[in-house]
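Each chain is listed here by its residues.
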Amino acid sequence: MEILVVEAEPVVRAQVASALTTYGYDVTEVGSGDEALRALRDREGAYELVILDLVLDSDSGWDVLQEMNRSGLRDSTKVLVLSDPSDDEEIVRGWEMGVDDYQFKPVDPEMLVVKVQEVLLSPREELRERRMAELLRAELLDLVEPFDGQAEPAASEES
């Protein structure tokens, strides 16, 4: 199985690639969005998974994902995004754009391999259902948020 790792930080990219090759995956590493799109176009259909960092040098991972969706490159390739766990809006945006799953930074190599195996073994329909469930959960949390911090009015005592 071939995996494309798109990560601007060389140390993180090497760490991810090393963890995956240890488990027998064929890995191609690139450090920019342009390189990622070139690799995807040159070897269309070859990569079963793209591990995509959202913070790249010249462009963002969002640009790569948008182009993959627009050009049909996502048809045969799943996407696992490397992300900051504290950015809820970013996570929701990814679900909306069709991200199959997330691995939060800092990357734990063993957990990454587990997540990669899970995504690769999951049928696309199952990943889509999980994505829809996450979007619904985000919508429900948005509805609940305005009530957070608002104390229930105290019941008045009759004398």
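Reading the values: rules and limits
Residues numbered from 1 in each chain as written. Predicted model: local features only at pLDDT ≥ 70, side-chain atom pairs only at ≥ 80, totals over all residues. Heavy atoms only, no water. Pairing = 2+ DSSP bridges. Helix = DSSP H or I, 4+ residues; strand = E, 2+ residues; numbered from the N terminus. Axes fitted to C-alpha atoms, helices over the stretch in contact; angles between N-to-C directions. Contact = heavy atoms within 4.5 Å. Phe/Tyr/Trp six-rings, centres within 6.5 Å; stacked < 30°, edge-to-face > 60°. Buried < 20%, exposed > 50% of the residue type's maximum accessible area, 1.4 Å probe, protein only. Lys NZ or Arg CZ within 6 Å of the ring centre and 35° of its normal. Patch = residues over 30% accessible without salt bridge, like charges linked within 9 Å, V, L, I, M, F, W, Y side chains within 5 Å. Areas by Shrake-Rupley, 256 points an atom, 1.4 Å probe, with all protein chains shown as cover. Salt bridge = Lys/Arg side-chain N within 4 Å of Asp/Glu carboxyl O. Lys, Arg positive; Asp, Glu negative; His and termini not counted. Charge placed at Lys NZ, Arg CZ, Asp CG, Glu CD.

Enquirer: Can you help me understand the sheet that holds strand β4 (residues 78-83) in this one?
Expert: The strands making up a sheet are joined through hydrogen bonds of the backbone, oriented either antiparallel or parallel. Taken together, the 5 strands give an open sheet; going across it, the order is β2-β1-β3-β4-β5, and neighbouring strands pair in parallel fashion. Edge positions in the sheet fall to β2 (26-30) and β5 (101-104), since each has one partner strand and no second. With strand direction ignored, the average angle separating the axes of adjacent strands in the sheet is 20°. For strand β1 (residues 2-6) and strand β3 (residues 49-53), the ladder comprises 4 bridges, and the chain directions are parallel. Paired with Ile3 across the bridge in β3 is Leu49. Contacts from helix α1 (residues 10-22) reach β1, β2 and β3 within the one sheet, and its direction differs from that of β2 by about 170°. The sheet contacts of helix α4 (residues 88-96) involve β4 and β5, and relative to β5 the element is tilted by about 150°.

Enquirer: Explain the packing of aromatic side chains to me, please; I cannot follow it from the model alone.
Expert: According to the stated counting rule, one finds 2 aromatic pairs in the structure shown. Pairing Trp95 with Tyr102 gives two aromatic rings, centres 5.1 Å apart and planes at 75°, and the pair type is edge-to-face. For the pair shown, Trp95 and Tyr102 are each scored as buried. Between Tyr102 and Phe104, the ring centres sit 6.1 Å apart and the planes meet at 10°, which makes this aromatic pair stacked. Judged by relative accessible area, Tyr102 falls into the buried class, the value being 3%. Look at Phe104 and you get partly exposed, because its relative accessible area is 33%. Through a chain of ring-to-ring contacts, three or more aromatic side chains come together here, namely Trp95, Tyr102 and Phe104. A cation sits over an aromatic face here: Arg43 above Tyr47, 5.5 Å from the ring centre.

Enquirer: Explanation requested: the environment of Val30 in the structure shown.
Expert: Mapped onto the elements of the fold, Val30 is located in strand β2. Val30 gets classed as buried once you look at its relative accessible area, which sits at 7%. The spatial distance from the C-alpha of Val30 to the C-alpha of Glu9 is 9.9 Å, given a sequence separation of 21 residues.

Enquirer: Can you help me understand unusual backbone geometry in this one?
Expert: In most cases, non-glycine residues show a negative phi, while peptide bonds are predominantly trans. Residue Pro106 follows Lys105 across a cis peptide bond; omega there is 0°. Along the chain, Pro106 falls in the loop between β5 and α5 (109-121).

Enquirer: Would you explain a negative patch on the surface in this entry?
Expert: Judged by side-chain charge, Asp84, Asp87, Asp88, Glu89, Glu96, Glu139 and Asp142 come together as a negatively charged surface patch. Elements represented by at least two residues in the negative patch include exactly α4 and α6 (124-144). Among the elements that take part in the negative patch, α4 stands out by supplying 3 residues, more than any other. Checked against the element boundaries, Glu89 lands in helix α4. Exposure remark for Glu89: the relative accessible area of 69% places this residue in the exposed category.

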